[in-house]
Amino acid sequence: MAEAIDIRELNIRIEQQSSFVTNLLSGMNQVIVGQKHLVESLLLSMLSDGHILLEGVPGLAKTLAIKTLSELVDADYSRIQFTPDLLPADVIGTMIYSQKDESFNVKKGPVFANFVLADEINRAPAKVQSALLEAMQEKQVTIGSTTFKLPAPFLVMATQNPIEQEGTYPLPEAQLDRFMLKVVIDYPTLEEEKKIIRENLAGSLPQITPVTSSEEILKARSVVREVYIDEKIEQYIADIVFATRYPEKYGLKELKNMISFGGSPRASINLAKASRAYAFIKRRGYVVPEDVRAVAYDVLRHRIGLTYEAEASNMSSEEIISKIINKVEVP
């Protein structure tokens, strides 16, 4: 009974805390036509303190989405265009010698912002990737011998173009694993496309006014961490991730030769975190199996390695996740 009262109380608190989500969504919808999944995923990663990788052809409003979000949150935003000649110093900053003071001063790079857009992340070489990796994982940056904390909230949204592969450096698995979500964006519908044409011909985008602050986001994160996850849901999450490693134990023998490696424990942690944030967005104080299923594709799609056999038979990681979700017993 005590637990039931706690959940009721939590639901009321979430109802109060999540009111800004509605304002954020309506603010995003004023600028971005359609792309509901993209907007929702951005909110999920922001509330779960995770980073997000977006994959889609050019022109699908990936850059516009994160810029709009940072304006709505009244936070610092920076954009880094990744190119093959980019250096780590261009991302994190460097030491500059001042003749006047006869000393070295630190010049901070664009990574010192709340929202960092790493545009076309797969265009930069490994050295730059590893500089960004420390920032993403440790939330800190080392310049010279000094370590600087990054501002909170800190969210990296990286984009990559799936078509053009010349002059790109595929992201190493270790870095892909650092992204909480990998979202694949599709073209808008016919109706949405007509609306996009109409709005662009009409001229300027609507003026954005902040609807929330960084402090509000940090407060919301602490409430998200209180969202209740039942043991049965924990078991469900663990089963889904284990089925990516040992499909034969879940009656999916045919997937054994398709998967070269499954999700790491980071996959389980992020699946739980994203499910909590999803429940919060839906204004619920507890996680239900539908929440887990709603975020499973974005959390797992970049964490499953495909064998040559899978590629030869055109099997995608999405199909593997579908088979697993349909097979694993729902609590």
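Structure's up top.
Residues numbered from 1 in each chain as written. Predicted model: local features only at pLDDT ≥ 70, side-chain atom pairs only at ≥ 80, totals over all residues. Heavy atoms only, no water.

Q: Looking at this structure, how should I read the overall build of the protein chain?
A: Each helix and strand counted, the protein chain has 14 helices and 11 strands in total. Since a compact globule built from 331 residues should have a radius of gyration of about 20 Å, the 21 Å found for the protein chain is in line with a globular shape. Along the three orthogonal principal directions, the C-alpha set of the protein chain runs to about 70 × 50 × 50 Å. Buried residues in the protein chain amount to 48% of all 331 residues. Pairs at least 24 residues apart make up 78% of the contacts formed inside the protein chain by residues separated by at least 6 positions. As presented, the protein chain carries roughly 16,400 Å² of accessible surface, and 52% of it is formed by carbon and sulfur atoms. (Helix = DSSP H or I, 4+ residues; strand = E, 2+ residues; numbered from the N terminus. Rg over C-alpha atoms; globule rule 2.2 N^0.38 Å. Buried < 20%, exposed > 50% of the residue type's maximum accessible area, 1.4 Å probe, protein only. Contact = heavy atoms within 4.5 Å. Areas by Shrake-Rupley, 256 points an atom, 1.4 Å probe, with all protein chains shown as cover.)

Q: Is there a simple way to explain the nonpolar core in this structure?
A: For soluble globular proteins, the rule of thumb is that nonpolar side chains tend to be buried together. In terms of nonpolar packing, the biggest core is built from 72 residues, with Met46, Leu69 and Leu271 touching the most fellow members. Of the residues forming this core, the biggest block, eight residues, is contributed by helix H11 (residues 265-281). Not counting residues within four places of it along the chain, the set of residues in contact with Leu69 comprises Leu24, Met28, Leu42, Leu43, Met46 and Phe115. Counting 28 residues, the second largest nonpolar core, distinct from the first, contains Val91, Ala118, Ala131 and Phe179. (Core = buried A, V, L, I, M, F, W, Y, C linked by side-chain atoms within 4.5 Å.)

Q: So what exactly am I meant to see when it comes to helix H2 (residues 19-31) here?
A: Helical geometry note: an α-helix holds 3.6 residues per turn, so side chains three or four residues apart project in the same direction. Those residues of H2 lying buried are Phe20, Val21, Leu24, Gly27, Met28 and Val31. Down the axis of H2, the buried side of the element spans an arc of 130 degrees, and every buried residue falls inside it. (Arc of directions from axis to C-beta.)

Q: Even after reading the chapter, I still don't get the packing of aromatic side chains, so can you show me in this structure?
A: In this description, an aromatic ring pair is defined by two values, namely the gap between the centres and the angle between the planes. This structure, assessed with the given rule, holds three aromatic pairs. Summarising the aromatic geometry, the rings of Phe112 and Phe148 are spaced 6.2 Å apart at their centres and angled 85 degrees between planes, so their arrangement reads as edge-to-face. Highlighted residues: Phe112 in the loop between strand E4 (103-108) and strand E5 (115-119) and Phe148 in strand E7 (residues 146-149), separated in sequence by 36 residues. Comparing Phe112 with Phe148, the two get one shared label, buried. Centre to centre, the rings of Phe242 and Tyr246 are 5.8 Å apart; their planes meet at 50 degrees, and the pair counts as tilted. In this structure Phe242 comes out as partly exposed when scored by relative accessible area, which is 36%. (Phe/Tyr/Trp six-rings, centres within 6.5 Å; stacked < 30°, edge-to-face > 60°.)

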